[in-house]
Amino acid sequence: MAKDSFLVGLIGAGVGPSLSPALHEREADRQDLRYLYRLIDIDVLGVRPEAVGELLRAARDLGFDGLNITHPCKQLVIGHLDALAPQAEALGAVNTVVFENGRATGHNTDVTGFAASFARGLPDAPLERVVQLGAGGAGAAVAHAMLTLGAGRVTVVDALADRAADLAASLNRHFGEGRAAAALPDRLPQLLADADGLVHATPTGMAAHPGLPLPARLLHPELWVAEVVYRPLETELLRTARALGCATLDGGGMAVFQAADAFRLFTGREPDAARMLADIAELAGVVGAPK
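These numbers come from a predicted model, not from an experiment.

Caption draft 1: Expanded view of the nonpolar core. Ranked by internal contacts, the top residues of the largest apolar core, which has 34 residues, are Phe 114, Phe 118, Val 130, Met 146, Val 199 and Trp 224. If one sorts the elements of this core by residue count, helix 6 (residues 137-148) sits on top with 8 residues.

Following this line, the structure appears as structure tokens:
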């Protein structure tokens, strides 16, 4: 008999505003599943990100079926897992952990989630020169997605030079030499002047981290702008870019498609992504599905 009861959760910092519980539970309700999705906020618990291993063990002992993992634990969690799916191993970042037969296996649904959202929302965007801001766990996934979609070259910009260089080196090993480069933020004016598009993959713009991740004067109408942040759906970056005439993509699609992939991993059931897109639009206070 197929399992019809699931306990899952999300480990991360400042996850209170997350829409993941509602997205998962609404889809589960439509499929007549008993499905509880719990938030495990390290800020509320008063523990450091390095405590992710203890939280993982506690969740497994308590009978959780799986966990989503978000900032700042996507890379720290790896050392506490029994196995990694190939994509998570290539990325060095995990956003989904499945507990099965006493083992914890790490997956990454951010890559497929962002790729599906981008293909849906910016299908005709030029991809020869892409600038990406942010080289953390989400940044690694998004850069892989962009190169998988056919980007000619992705330049990863991060204030931490080693982090950007490590990601660029990993991308070049995986996709071929010259497909990725690293840069510090002081090169953004030159890079964006010649770029086709900008992908934003830092926490700036989230409810807890409001503001712009770069000076507004660096944006121009020939640039498309894709956002990873989805709460709020319209970040200050997207609002500013849209006012300048840029084609834009909000983070809602990535949130939905990665959640749908995680739901499939947790339950073995096929989610309806179209229904989930309508859910996130409603939950985020937007009339109609995200465009």
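Caption draft 2: Quick look at the sheet that holds strand 8 (residues 153-157). Strand order in this open sheet of 6 strands is 9-8-7-10-11-12, and the pairing throughout is parallel. The sheet is open, and its two edges are formed by strand 9 (180-183) and strand 12 (248-249), each paired on a single side. As paired strands, strand 11 (residues 224-227) and strand 12 are joined by 2 bridges and run parallel to one another. Residue pairing for strand 12: Ala 226 is matched across the bridge by Leu 249. Sheet strands touched by helix 9 (residues 236-243): strand 10 (197-200), strand 11 and strand 12. Its angle to strand 11, the strand with the most contacts, is close to 165°.

Caption draft 3: Quick peek at helix 7 (residues 161-175). Its 15 residues place the ends of helix 7 21 Å apart at the C-alpha level, agreeing with the 21 Å of an ideal helix rising 1.5 Å per residue. The inward-facing, buried residues of helix 7 abut helix 4 (86-91), strand 7 (129-133), helix 6, strand 8 and strand 9. Gly 176 sits one or two positions beyond helix 7 and adopts a positive phi of about 120°.

Caption draft 4: Seen up close, the sheet that holds strand 4 (residues 83-84). Sheet architecture is open: 6 strands sit in the order 2-1-3-5-6-4, paired in mixed fashion. Strand pairing shows two members of the sheet lacking a second neighbour, strand 2 (34-41) and strand 4, which therefore form its edges. Lying on the sheet, helix 1 (residues 20-30) is in contact with strand 2 and strand 3 (66-69); it crosses strand 2 at an angle near 175°. Relative to the sheet, helix 10 (residues 252-267) contacts strand 1 (5-12), strand 2, strand 3, strand 5 (96-100) and strand 6 (103-107), its axis offset from that of strand 5 by approximately 10°.

Caption draft 5: Layout of the pairing of strand 8. Of all 5 residues that make up strand 8, 4 are buried, and the element is covered over most of its length. By the bridge criterion, 5 bridges tie strand 7 to strand 8 in an arrangement that is parallel. Paired with Arg 129 across the two strands is Arg 153, which belongs to strand 8. Since strand 7 and strand 8 lie parallel, the crossover through helix 6 that links them has a hand, and here it is right-handed. The pairing of strand 8 with strand 9 spans 4 bridges and is parallel. Directly across from Val 154, in strand 9, lies its bridge partner Ala 180.

Caption draft 6: The layout of surface pockets, seen in detail. The volume enclosed by the largest pocket comes to roughly 940 Å³. Contributing to the lining of the largest pocket are 38 residues, with Thr 70, His 71, Lys 74, Ala 138 and Met 206 lying nearest its centre. Elements represented by at least two residues in the lining of the largest pocket include exactly strand 3, helix 6 and helix 10. The greatest single-element share of the lining of the largest pocket, amounting to 3 residues, is contributed by helix 10. Taken as a whole, the second largest pocket spans an internal volume of roughly 240 Å³.

Rules behind the numbers
- Within each chain, residue numbers correspond to sequence positions counted from 1 in written order.
- Residue-level local features of this predicted model are given only where pLDDT is at least 70; pairs of side-chain atoms are given and counted only at 80 or more, and the full residue set underlies all totals for whole chains, interfaces and linings.
- Computation of side-chain values covers all heavy atoms of the structure but excludes hydrogens and water.
- The definition of a nonpolar core used throughout is a set of buried Ala, Val, Leu, Ile, Met, Phe, Trp, Tyr and Cys residues joined through side-chain atoms within 4.5 Å.
- A simple rule labels every residue: compare its accessible area, found with a 1.4 Å probe on the protein chains alone, to the largest value its type can have, and call it buried under 20%, exposed over 50%, or partly exposed in between.
- Every helix listed is a DSSP run of H or I at least four residues long, and every strand listed is a run of E at least two residues long, numbered separately from the N terminus.
- For two strands to be treated as a pair, DSSP must find at least two bridges joining them.
- Whether two residues are in contact is decided by their heavy atoms: any pair within 4.5 Å suffices.
- Angles here are taken between N-to-C directions and fall from 0 to 180 degrees, while the axes themselves are lines fitted to C-alpha atoms, restricted in helices to the stretch in contact.
- Take the number of residues in a helix, subtract one, and multiply by 1.5 Å to get its expected span.
- With its strands directed away from the observer, a crossover is right-handed exactly when the path from the first strand over the helix to the second travels clockwise.
- Both cavities and pockets are sets of points on a 1 Å grid over the protein atoms alone; in a cavity a 1.4 Å probe fits but cannot get out, in a pocket the set is open with protein on both sides within 12 Å along at least five of seven lines, and lining residues sit with an atom within 4 Å of a point.
- Grid points are joined across faces, edges and corners, and a volume is the space filled by probe spheres set on the points.

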